[in-house]
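Examination of the molecular architecture
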Amino acid sequence: KKSPPPPPLPKLGKVGSKCACGLGSRERMADSGSDEVAVIGNTDLTAAEEQNNRNNTDVEKSTPLLKKMEISVSEAEKRTGKNAVNMQETYTVYLIETRPVDTITEGQNPAPDSLWRRYSEFELLRNYLLVTYPYIVVPPLPEKRAEFVWHKLSADNMDPDFVERRRIGLENFLLRVASHTVLSKDKIFFLFMTQENGWKDMVYETGFQAKADSRLKALNATFRVKNPDKRFTELKHYSDELQSVISQLLRVRARVADRLYGVYKVHGNYGRVFSEWSAIEREMGDGLQSAGHHMDAYAASVDDILEEEEHYADQLKEYLFYSEAVRAVCRKHELTQYELEMAVQDLTSKKLQREELATGTVRTFSLKGMTSKLFGQETPEQREAKLKVLEEQILEGEESVKSKNSECDEYVKNAWLDIDRFKEQKNQDLKEAIISYAVMQISMCKKGIQVWTNAKECFSKM
Amino acid sequence: MDTLNSETATDSAVCSTFAKAAPDFSRQMLDLDEDEDLEVFSKDTTLTDGSSFNASMPTSPSSMINQYKFEEEPDTKDIFITVDCPESHVTAIETFITYKISTKTTRSEFDSCEYEVRRRYQDFLWLKGKLEEKYPTLIIHPLPEKFIVKGMMERFNEDFIETRRKALHRFLNKIADHPLLSCDEDFKFFLTAQAEELTSHKKQGPSILSRVGETVRAVAASVRGVKNRPEEFTAIGDYVETFSQKMIVLDKITQRISKEQKEYLEEMKEYGPVYMLWSGSEVELGDSLKDMANCIDKCCRETEEQVNALSENVVPVLHEYVLCAETLKAVLRRRDNIQAEYEAKNDALANKKSDRDSDSDLSFVFGGFLGKNPEEAKQQKQQKLDGEIEELKEDIEKLEDKVECANSAFKVDWERWLKSMQGDLKATFLNMADTNINYYEKCLAIWESFLISQKNELSVENGRGYS
């Protein structure tokens, strides 16, 4: 069940979806902010392609990819190979299978297309999406390393249970992206699932890495921004709280699981002792023996119980990681806002300089002013030249401020749309998770009643 | 010699009483039923040692009915004993705890129907010692241990006192239930005498010298070992050995489960508050998260009840049967010793006979050196030996009786104990199952009502068009 798509977003670009190669398709420039499409490379569209684009836009405007294509991550396998530093390493690859929906509904059952990807490629895809769509809360990947483990689960990445849970998490990631109105249209994403060879090169060729904001730059902006949109500040605060509380929850849950495991497993010892004891008893023997079997069953039942609970923990973990994605969106806003403020500040100071130069008054302290006072004034021609340069700069600055302003507005608008979508998704998902937890507890209680009722019957025959 | 006689006299008395006890018991019951004149009036509840004492509490019917389920004839019980109201007493020398022993009975050998006395652990030890002395081959329920080294800190810890109180209660009631032991004089004294009386009574009994002699004989007998133990006792011994091992393991397992459950509870207590904390950040989810926190807290309370029930009802019983097994081993040893004593005397008789019948004349030769007439010496020797042989034969007859009595007393009591053990352990495990079933049922109800409330919320939202 996916929430219905929000109202169609402003035109973000047209897709040349029939074009097989990654280059030359439309690419959204994240920080251009303009309504116009910035197309890199192939700027010549034939009439047919233009028509195609219009068609596709109309159709695909409100149809996420998932509706047209069945996607799954169905298997995991171990591989060995040489890594970047030419050392032998073992890693896991996951099989991505895709199949167009209409072929299935038409009654056919074609074999799905498939390819293998490893976790690092998923990471690459996600990083690309983060940079390319900074105003979107990008779905998170399952954790890189097992955290919040309780003693029975190993923290080993090669552990089959971990691999299995990761497989599910990766599938979940792909499904989330494919059902997102914006992200699902991305070409690179599509090719990730459909084109095994050369995909990596294509991603790099988009040049997204150059567009990534450095951590330092983002941190700087966070500290120095003066007037961020209040909603983003609140949202950032919320995401911090969410992260903290879910971490706490996961930690406590792991400890509780540990203890519960202990309680159940010790009961298994009853089975053995009852069996041994029953050997020397005349009347009580049968009752004891059969009760012992139920104790064994009770002890064994905890494995299933905790595996189901692990699924609940994974659901919580997803939102733990989502909180990081939300924070990223907030940070990007702070950055754009900061750059706007810087541009404004720059413009203001340049205008001030112009005024000073024009009127001859020095209102601000400047080294130039001092030196000219000490070493003589400039010639009128020099001043004229300077003024001209300043005028140009001011014009540029005004353009820059205007574009940054609209970029900022655009960003806020788009980001907030996705945040609303995310909030609704989160509420629905977490509510379902809570309900499924209750269902699990109910099932656990019913099993407990069953086992102990059976044991009681055996005891009564003692 | 005197002591031996009195012992054997007691044993035969025991034997005959025991033989009569079973049928007599039922006859006694009938008598009571028909007795219309029976009145229950409250007897004066006197202080025992004059120190701190709280006003006597009226014993409610429910407290009279022992918490410990007994297999046999609950309807025909005619003596009810309660152990409660532990109190600490401080003297110059020591501090100790006394327990109030309340007895209600319709038995004719008791002068009155109600008694209330205060006893300390030492007094219980004395009683047990006396009973073991008098009935060496009867199975007497164990007392709680003197000191539980692991897990307990002080003798005056509340939990320790409560556990001990319950065990003392069971101890007295087990004796009261025993057809033979409950008629014992010392037992009666224990239940009824004032403190001073008890102290002086304790001082009676076989002198210290005779008791030492007894111990020496017992040790000698156990060193000698029994030679011809009847197969049935060996079989019982094997059973007891295995039973003991299994009980020890069961005790360990149950205590471990209790420990794990307590730790689980501690962790669970932290779980609910986190959901509560989270609910503070959420608008839409706030109520659901609060409900979740409440559910978890409620489940915690149920877990606490479960933990307490198991600690109070299951753990102590299993532990007691570990002690029972040790008691059984001691009883079997004592039986063996009685038989060994008999065998030793038999051997001595055989030796003496062979001495008399042999022609060995080293002693005559020796006697000759001393100037005695060899014929006379031989005759004197013969006479002496004959006398000794006669004495030995008498002793052997008494010992044979003693062995017979001991064995039959033991066998009857063994069957009785087996039944009682089965009843107790069955009841305990049923209790354990019930506790757990009850726990899961309560938690089930909690989560089911939570689920309903959540689903209601969902459908309301859907109805509102939140599709």
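Residues numbered from 1 in each chain as written. Chains lettered and ligands numbered in written order. Predicted model: local features only at pLDDT ≥ 70, side-chain atom pairs only at ≥ 80, totals over all residues. Heavy atoms only, no water.

The name recorded for chain B in an unreviewed UniProt entry is Sorting nexin 7, from Lepisosteus oculatus. Its UniProt record gives chain B the following Sequence similarities (unreviewed entry) comment, quoted word for word: "Belongs to the sorting nexin family." (UniProt positions renumbered as here; feature names shortened; annotations may be inferred.)

In the annotation of an unreviewed UniProt entry, the entry for chain A reads Sorting nexin 4, and the organism field reads Lepisosteus oculatus. The Sequence similarities (unreviewed entry) comment attached to chain A in UniProt states, word for word, "Belongs to the sorting nexin family."

What about the overall build of chain A?
When you go through chain A residue by residue, the secondary structure sums to 13 helices and 3 strands. Taking all 462 residues of chain A together, 45% fall into the buried category. For chain A, the share of sequence-separated contacts (at least 6 apart) that also reach a separation of at least 24 residues comes to 75%. Working note: accessible area of chain A is about 23600 Å², and carbon and sulfur atoms make up 52% of it. (Helix = DSSP H or I, 4+ residues; strand = E, 2+ residues; numbered from the N terminus. Buried < 20%, exposed > 50% of the residue type's maximum accessible area, 1.4 Å probe, protein only. Contact = heavy atoms within 4.5 Å. Areas by Shrake-Rupley, 256 points an atom, 1.4 Å probe, with all protein chains shown as cover.)

Structural notes on the overall build of chain B
From N to C terminus, chain B includes 12 helices and 3 strands. Relative to its 467 residues, chain B shows a buried fraction of 45%. Within chain B, residue pairs in contact and separated by at least 24 positions form 78% of the contacts whose partners lie at least 6 positions apart.

Remarks on the sheet that holds strand S2 (residues 88-100) of chain A
Strands in a sheet are paired, the pairing made by backbone hydrogen bonds, and the direction either parallel or antiparallel. Residue and element names in this part refer to chain A. On the basis of which strands lie adjacent, the open sheet formed by 3 strands has the order S1-S2-S3 and antiparallel pairing. The sheet is open, and its two edges are formed by strand S1 (69-82) and strand S3 (113-118), each paired on a single side. When strand polarity is set aside, the average angle formed by the axes of neighbouring strands in this sheet is 25°. Looking at chain direction, S2 and S3 are connected through 6 bridges and run antiparallel. The partner of Tyr94 across the bridge, within S3, is Arg117. On the sheet, helix H5 (residues 160-178) packs against S1 and S2 and is oriented at approximately 135° with respect to S1. Contacts from helix H6 (residues 187-194) reach S1, S2 and S3 within the one sheet, and its direction differs from that of S3 by about 100°. (Pairing = 2+ DSSP bridges. Axes fitted to C-alpha atoms, helices over the stretch in contact; angles between N-to-C directions.)

Looking at the packing of aromatic side chains
In the structure shown here, the tally under the stated rule is 33 aromatic pairs over all chains. Relative to B:Phe450, the ring of B:Trp447 has its centre 5.6 Å away and its plane inclined at 85°; by these criteria the two rings are edge-to-face. On the criterion of helical spacing, the pair formed by B:Trp447 and B:Phe450 is a turn pair, its members being 3 residues apart in helix H12 (residues 374-463). For the pair formed by B:Trp447 and B:Phe450, the shared burial category is buried. Put simply, the rings of A:Tyr270, A:Phe274, A:Trp277, A:Phe459, B:Phe233, B:Tyr239, B:Phe243, B:Tyr321, B:Phe410, B:Trp414, B:Trp417 and B:Phe429 touch in pairs and so form one group of aromatic residues. Over the face of the ring belonging to B:Phe96 we find B:Arg120, whose NZ or CZ atom lies 3.8 Å from the ring centre. Here the basic side chain of B:Arg164 rests over the ring of B:Tyr121, its NZ or CZ set 3.8 Å away from the ring centre. (Phe/Tyr/Trp six-rings, centres within 6.5 Å; stacked < 30°, edge-to-face > 60°. Lys NZ or Arg CZ within 6 Å of the ring centre and 35° of its normal.)

Digging into the sheet that holds strand S1 (residues 79-90) of chain B
Residue and element names in this part refer to chain B. Taken in spatial order, the 3 strands line up as S1-S2-S3 in an open sheet, and their pairing is antiparallel. On the outer flanks of this sheet lie S1 and strand S3 (114-120), each paired with one strand and no other. Across the sheet, the mean angle from the axis of one strand to that of its neighbour is 20°, orientation sign disregarded. Alignment of S1 against strand S2 (residues 95-105), held across 10 bridges, turns out to be antiparallel.

Quick notes on the side chain of A:Lys426
Among the secondary structure elements, A:Lys426 is positioned in helix H13 (residues 380-460). Those residues in contact with A:Lys426 that sit more than four places away from it in its chain are A:Tyr238, A:Tyr319 and B:Glu282.

Observations concerning the environment of B:Glu448
Residue position: B:Glu448 is located in helix H12. The exposure class of B:Glu448 is partly exposed, given its relative accessible area of 31%.

A closer look at the pairing of S1(A)
All names here are of chain A. Two elements, S1 and S2, share 13 bridges in a ladder whose sense is antiparallel. Counted as the bridge partner of Met69 is Pro100 from S2. Connecting S1 to the next strand, S2, in antiparallel fashion are 5 residues, including Asn86 with a positive phi near 60°.

Section: the interface of chain B and chain A
On the chain A side, the residues contacting the 55 residues of chain B number 55 residues. Taken together, both faces of the contact between chain B and chain A bury some 5500 Å²; the carbon and sulfur share is 74%. When the buried area of chain B at its contact with chain A is split by residue, B:Tyr271, B:Trp278 and B:Tyr440 rank highest and sum to 13% of it. Inspection of the region where chain B meets chain A yields 7 salt bridges. Here A:Lys456 makes a salt bridge to B:Asp434, at a shortest N to O gap of 2.6 Å. Connecting chain B to chain A are 15 residue pairs in polar contact (both at pLDDT 80 or more). Elements supplying a minimum of two residues to the side of chain B that touches chain A: helix H8 (231-279), helix H9 (286-313) and H12 of chain B. Broken down by element, the residue count for the side of chain B that touches chain A peaks at 24 residues, all from H12(B). Looking at the side of chain B that touches chain A, its residues break down into 31 nonpolar, 9 polar and 15 charged. (Buried area = accessible area lost by both parts, 1.4 Å probe. Salt bridge = Lys/Arg side-chain N within 4 Å of Asp/Glu carboxyl O. Polar contact = N/O pair within 3.5 Å; in protein donor to acceptor, adjacent residues only side chain to side chain. Nonpolar A, V, L, I, M, F, W, Y, C, P; charged D, E, K, R; others polar.)

Details of the domain arrangement of chain A
Residues and elements named next belong to chain A. Per the domain assignment, the segments making up chain A are domain 1 (64-210) and domain 2 (213-360 + 383-461). The gap between the C-alpha centroids of domain 1 and domain 2 is 20 Å. Around 2300 Å² of area is buried between domain 1 and domain 2 when both sides are counted, 62% of it from carbon and sulfur atoms. With a shortest N-O distance of 4.0 Å, Arg165 and Glu310 are connected by a salt bridge. (Domains from an automatic or database assignment.)

Thoughts on the pairing of S2(B)
Remember that side chains alternate between the two faces of the sheet whenever the strand is regular. Counting buried positions along S2(B) yields 10 of 11 residues, so the element is predominantly enclosed. Counting the residues in the hairpin turn of S1(B) and S2(B) gives 4 residues.

Quick look at the pattern of salt bridges
Considering all chains together, one arrives at 60 salt bridges over all chains under this definition. In this structure, the salt-bridge partner of B:Glu260 is A:Arg259, at a minimum N-O distance of 3.8 Å. One end of the pair, B:Glu260, is in helix H8; the other, A:Arg259, is in helix H10 (residues 230-278), on a second chain. Its relative accessible area of 25% is what places A:Arg259 among the partly exposed residues. Here B:Glu304 and B:Lys269 are joined by a salt bridge, their closest N and O atoms 3.9 Å apart. One end of the pair, B:Glu304, is in helix H9; the other, B:Lys269, is in helix H8, and 35 residues separate them in sequence. Bridged by salt links that share partners, the residues A:Arg165, A:Arg253, A:Glu309, A:Glu310 and A:Asp314 form one connected network.

Section: the domain arrangement of chain B
Residue and element names in this part refer to chain B. Splitting chain B by domain gives domain 1 (75-204) and domain 2 (225-357 + 373-466). For domain 1 and domain 2, the distance between their C-alpha centres works out to 21 Å. Each side of the interface is counted separately: domain 1 has 18 residues, and domain 2 has 23 residues. Interface area, domain 1 with domain 2, both sides summed: about 1800 Å², of which 54% is carbon and sulfur. Per-residue buried area on domain 1 facing domain 2 is highest for Thr137, Ile139 and Pro142; these three make up 36% of the total on that side.

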